[in-house]
Amino acid sequence: MIDIIFLGTGGSMPTEGRNLPAIAIRYLGWIFLFDCGEDVQRQFERAGLGLNKNMAIFITHGHSDHLIGLPGLLLRFSLLGRLKPLAIYGPKELIEYVKISQSTINLGTTFETVVYGLTESGLVFQESPITIRSFEVDHRGFALGYEILFQNPTGEFFPEKAEKLGIPKGPLWSNLAKGDSVTLPDGTIIHPEEVTSQRPQPLKIVYSGDTRPCQALREKSLDADVLISEAMYTTEHADLAQERGHSTAEDIAKMASEVGVKLLVLTHYSPRYYDGTAVLNEGKKYFQNTIIARDLLTISMTKDGTCSVKYPATTSAKTDQV
Ligand SMILES: [Zn+2]
Ligand SMILES: [Zn+2]
């Protein structure tokens, strides 16, 4: 099961009900955190994401609403005694930002922090079965989106086929199910495809970061299981979206319907839309499978790509208003 947990869904400034951008993806003991808006550490606690997990952080761009929560999160990890190393990826200015944060408030004493400065689109993280790539988007200055792929190494394991081939039950079965070839006691080599169904397409989650509608986002979103996109404005403020390097709900929903996205999640919408109902309604007009992100919304995806959506009980338009 892959969990996508929205820790912050605000646009530009926090409101009573919405923190600034931060999205956690939890899978196989890993936490991948995309953007690090203000007060992400308290949202981390509320979501029960734990302290000492394998973790990597991916920042989309250098605007403060996307990274001002990072020093606080590092401080929290340090105070609570995190031990596992932490990798942080993002625009190259991030290296200096983390260095200064650590030296001025004496952070990072309990664990190793490594910051990787990204200067172009490409492969960022790979650890089977997860691959994360960045792609350059069209914002104000250098800005990235991220594509997250989950590729199961094999299809479904068929025990009856394994039995027929005389493979003894036990570790050899689990190695084949994991995608490794095995050698039988008589020297015969068995490959996983002999006892499994065809390898399925990878599951794909795409996060836009901040961007005007652009070709790179369109290409990466092709057949995405989940597209998480900013929708800072509705069409009523299309001029502001263009001027400030953002998208409207209409822009993104039209694109999602054209490129075969299965579920569109609109986030990072301006405080002027309160709980986002206007943004959601505009999105749904052009793409029915659109939902609105609210803080602590969790989307759980099974290995066949089926998503279940759970909003926190406390979320309401009332608590979200500024
Ligand atoms: Zn921005
Ligand atoms: Zn932003």
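Remember, predicted model here, so these are calculated numbers, not experimental data.

Cut-offs and rules
Residues numbered from 1 in each chain as written. Chains lettered and ligands numbered in written order. Predicted model: local features only at pLDDT ≥ 70, side-chain atom pairs only at ≥ 80, totals over all residues. Heavy atoms only, no water. Helix = DSSP H or I, 4+ residues; strand = E, 2+ residues; numbered from the N terminus. Contact = heavy atoms within 4.5 Å. Areas by Shrake-Rupley, 256 points an atom, 1.4 Å probe, with all protein chains shown as cover. Lys, Arg positive; Asp, Glu negative; His and termini not counted. Charge placed at Lys NZ, Arg CZ, Asp CG, Glu CD. Pairing = 2+ DSSP bridges. Axes fitted to C-alpha atoms, helices over the stretch in contact; angles between N-to-C directions. Core = buried A, V, L, I, M, F, W, Y, C linked by side-chain atoms within 4.5 Å. Buried < 20%, exposed > 50% of the residue type's maximum accessible area, 1.4 Å probe, protein only. Donors = N, O, S within 2.8 Å, 3.2 Å for Na, K, Ca; no water. Tetrahedral: all angles 85-135°; square planar, octahedral: opposite > 155°, others 65-115°. Salt bridge = Lys/Arg side-chain N within 4 Å of Asp/Glu carboxyl O.

Draft legend 1. Examining the overall build of the protein chain more closely. Looking only at helices and strands, one finds 11 helices and 17 strands in the protein chain. Considering only C-alpha atoms, the protein chain reaches an extent of 70 × 50 × 40 Å along its principal axes. Across the protein chain, the fraction of contacts at a sequence separation of at least 24, relative to all contacts at a separation of at least 6, is 62%. Carbon and sulfur atoms make up 51% of the accessible area of the protein chain, which amounts to about 14500 Å² in all. Of the charged side chains in the protein chain, 31 are positive and 38 negative; the average position of the first set lies 4 Å away from that of the second.

Draft legend 2. Inspection of the sheet that holds strand β5 (residues 86-91) at higher detail. What the eight strands build is an open sheet, ordered β6-β5-β4-β3-β2-β1-β16-β17; its pairing is mixed. Strand pairing shows two members of the sheet lacking a second neighbour, β6 (113-118) and β17 (307-310), which therefore form its edges. In this sheet, neighbouring strand axes are inclined to one another by 15° on average, regardless of whether the strands run parallel or antiparallel.

Draft legend 3. View of the nonpolar core. If you look at the biggest cluster of nonpolar residues, it comprises 34 residues, and the most contacted ones within it are Phe-32, Phe-34, Phe-58, Ile-205 and Val-265. Discounting chain neighbours no more than four positions away, the residues touching Phe-32 are Ile-23, Ala-24, Ile-25, Ala-56, Phe-58, Phe-125, Ile-130 and Ile-132. Ranked by size, the runner-up nonpolar core spans 28 residues in total, among them Phe-135, Ile-252, Val-279 and Ile-292.

Draft legend 4. Quick look at the coordination of the zinc ion (ligand 1). Taken together, His-61 (NE2), His-63 (ND1), His-139 (NE2) and Asp-210 (OD) make up the full set of protein donors to the zinc ion (ligand 1), lying 2.1 to 2.5 Å away. If you look at the zinc ion (ligand 1), its four donor atoms make angles of 90 to 170° with each other, and the shape they trace is irregular. Counting along the primary sequence, the residues that act as donors to the zinc ion (ligand 1) give the motif H-x1-H-x75-H-x70-D. If you look at the zinc ion (ligand 1) and the zinc ion (ligand 2), they sit 3.5 Å from each other and are both ligated by Asp-210. Taken together, the residues span a long stretch of sequence, with His-63 in the loop between β4 (54-58) and α2 (64-67) and Asp-210 in the loop between β12 (203-207) and α7 (215-220) at a distance of 147 residues. Residue His-63 is classed as partly exposed on the basis of its relative accessible area, which comes to 22%. We classify Asp-210 as buried; its relative accessible area is 2%.

Draft legend 5. Broad picture of the pairing of strand β7 (residues 122-127). Bridge count between β7 and strand β8 (residues 130-136): five bridges; the pairing is antiparallel. Note on β8: the bridge partner recorded for Gln-126 is Thr-131. The antiparallel hairpin formed by β7 and β8 contains two residues in its connecting segment.

Draft legend 6. Seen up close, the coordination of the zinc ion (ligand 2). At the metal site, the zinc ion (ligand 2) is ligated by Asp-65 (OD), His-66 (NE2), Asp-210 (OD) and His-268 (NE2), and these contacts range over 2.1 to 2.7 Å. Sequence positions of the residues that donate to the zinc ion (ligand 2) give the spacing D-H-x143-D-x57-H.

Draft legend 7. Molecular detail of the sheet that holds β7. Strand order across the open sheet formed by seven strands is β7-β8-β9-β12-β13-β14-β15, with mixed pairing between neighbours. Two strands close off the open sheet at either side, each with one partner strand: β7 and β15 (290-292). Across the sheet, the axes of successive neighbouring strands diverge by a mean angle of 15°, strand direction being ignored. Note that strand β13 (residues 226-230) and strand β14 (residues 263-267) share five bridges and pair parallel. Note that in β14 the partner of Val-226 across the bridge is Leu-263. The strands touched by helix α9 (residues 249-258) within the sheet are β13 and β14, with β14 carrying the most contacts at an inclination of about 165°. Lying over the sheet, helix α10 (residues 277-286) contacts β14 and β15, oriented at roughly 175° with respect to β15.

Draft legend 8. Layout of the environment of Ile-59. Along the chain, the position of Ile-59 falls in the loop between β4 and α2. When near neighbours in sequence (up to four residues on either side) are disregarded, Ile-59 contacts Asp-35, Cys-36, His-66, Leu-67, Tyr-89, Gly-90, Pro-91, Leu-94 and Tyr-146.

Draft legend 9. Structural context of the pattern of salt bridges. One pass over the structure, following the stated rule, counts 12 salt bridges. In this structure, Asp-138 engages Arg-212 in a salt bridge whose closest nitrogen and oxygen atoms are separated by 2.9 Å. Linking Asp-138 in the loop between β8 and β9 (144-150) with Arg-212 in the loop between β12 and α7, this pair joins segments that are 74 residues apart in sequence. In this structure Asp-138 comes out as partly exposed when scored by relative accessible area, which is 31%. Between Lys-262 and Asp-225 there is a salt bridge; the shortest N-O distance is 3.8 Å. One end of the pair, Lys-262, is in the loop between α9 and β14; the other, Asp-225, is in the loop between α7 and β13, and 37 residues separate them in sequence. According to the relative accessible area criterion, Lys-262 is partly exposed, its value standing at 42%. Look at Asp-225 and you get buried, because its relative accessible area is 8%. Beyond isolated ion pairs, a larger network of salt bridges with shared partners links Arg-133, Glu-147, Lys-204 and Lys-220.

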